[in-house]
Every structure is written in structure tokens, then in C-alpha cells.
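Structural characterization, general
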Amino acid sequence: WTPTIAEKYQVVAHLKGAFVQNSPFFATVVTGPISALTSLIYGLQDSIKAGSSVGLTIEARDTYHNRIREGGAPFTARLVSLDEDSTTVSETLTVLDCSLGTCGNVTVGTGGYETTYFATKSSRYAVHVDYRGASVASSPIKTIVQPLGLDASVSTMSGSGSIGGFVN
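Please read these numbers as outputs of a predicted model, since none were measured by experiment. (Residues numbered from 1 in each chain as written. Predicted model: local features only at pLDDT ≥ 70, side-chain atom pairs only at ≥ 80, totals over all residues. Heavy atoms only, no water.)

When its secondary structure is counted, the chain shows 0 helices and 14 strands. Of the roughly 11,000 Å² of accessible surface on the chain, a fraction of 55% belongs to carbon and sulfur atoms. (Helix = DSSP H or I, 4+ residues; strand = E, 2+ residues; numbered from the N terminus. Areas by Shrake-Rupley, 256 points an atom, 1.4 Å probe, with all protein chains shown as cover.)

Consider a sheet: its strands pair through backbone hydrogen bonds, and that pairing is either parallel or antiparallel. With antiparallel pairing, the 4 strands of this open sheet are ordered in space as β5-β7-β11-β10. Pairing within the sheet leaves two strands with one partner each, and these edge strands are β5 (40-42) and β10 (96-97). Pairing geometry for β10 and strand β11 (residues 112-118), over 2 bridges, is antiparallel. Considered in β11, the bridge of L96 is made with E114. (Pairing = 2+ DSSP bridges.)

Applying the stated rule across the entire model yields 1 aromatic pair. Between F75 and Y131 the ring centres are 5.3 Å apart and the planes differ by 50°, which places this aromatic pair in the tilted class. Taken as a pair, F75 in strand β8 (residues 75-82) and Y131 in strand β12 (residues 123-131) lie far apart in primary sequence, 56 residues in all. Y131 shares its class with F75; the two are buried. (Phe/Tyr/Trp six-rings, centres within 6.5 Å; stacked < 30°, edge-to-face > 60°. Buried < 20%, exposed > 50% of the residue type's maximum accessible area, 1.4 Å probe, protein only.)

One finds F75, Y117, V127 and V129 to be the most contacted residues of the largest nonpolar core, which totals 26 residues. Looking at this core, the elements that each hand over two or more residues are β7 (53-59), β8, β11, β12 and β14 (141-146). It is β12 that provides the largest number of residues to this core, a total of 4 residues. (Core = buried A, V, L, I, M, F, W, Y, C linked by side-chain atoms within 4.5 Å.)

Residues of the chain with pLDDT of at least 70 account for 79%, and the chain-wide mean is 78. Per-element confidence in the chain is highest for strand β13 (residues 134-135), whose mean pLDDT is 90, and lowest for strand β9 (residues 88-93), whose mean pLDDT is 73. (pLDDT = per-residue confidence, 0-100.)

Considering all chains together, one arrives at 2 salt bridges under this definition. Its salt-bridge partner being R67, residue E59 comes within 2.9 Å of it at the nearest N-O pair. E59 sits in the buried class, given a relative accessible area of 5%. Three or more residues are tied together by salt bridges with common partners; here these are E59, R61 and R67. (Salt bridge = Lys/Arg side-chain N within 4 Å of Asp/Glu carboxyl O.)

Structure (C-alpha cells):
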């Protein structure tokens, strides 16, 4: 018997049709260590508007996909933007351990972690989430930050032919 699901079991043993003495036996299978390959990330949208605050939830899992409900895992997250001039800009994000009751979208004691970012510049972004240096399963997650509508009060005009002004 090779258990892969973490829970309490009752094992009933038979030998030649008769119960084995002291049967049933009770066994508790606990979760294994966190696996970056099976941990989950959710909450990120494919496209958002500039100025939006976006939350991302990380769910710690072991090799057999059992949810790990104890906190304290060293998850890290980075927001990476690829600018038009091909320079990469990276920002480290704070990952909150929800077992401590500090999160807004994850129930305390469920083994979840949260991170939030506020993208003000329209660009292509990728959110990288790692556990002990290994990428979490669906990381990096790509998203596009779309510009907001035009605001004439903060718009400028330049170039040949831009002499004069505009009248409504």
C-alpha cells in the first residue's frame, strides 16, 4: 500500500478470510514537502487596465497535489516588464503568508499565499513565482497592461506642424 492522499485511514486486514488480530489498524498520512511543480497560482487576468491593483493567490501543494495548510513557505514573486526599448524592468513583490491572517482573498489556515501588484505603465508583463529557486508550475504568468483612455489635460503635442493650439 502506497498512500498518496493525505488523510486518516482505517486499514482492515484479513488473512484467509479471517480478521487479523487487532484489526482494523489506523494510519494518518500527512503531506510531504512543498513541490514547486504542483503548487498552484491563480487570480491573474490576461489583460488589465493601467492603474489597476491585481492580486495573485499561491496555493502550496506537495508532490501528490495535497494542499499544504501550514504556513511559512519561502515563496518569492517578481513582476517583470519588457519595455519597448527591449530593456527588462523587474520589481520584487511581497508575498503574504495567509496562515497568519494577513490576507484579504484567502481564508486563514488554508495554506494560501497572496501577492498584489499595481501596474501603472502599459506594457507586457510576466509574473514569476518561485519556491526555493524553482519556478512554480504555471510561472511565469503573462499579462498585458492596457493604457487608460486619453486625458487631454495631461497630453502633449510635438513635431513639425504643431504650432498653435486647438479650440473646442
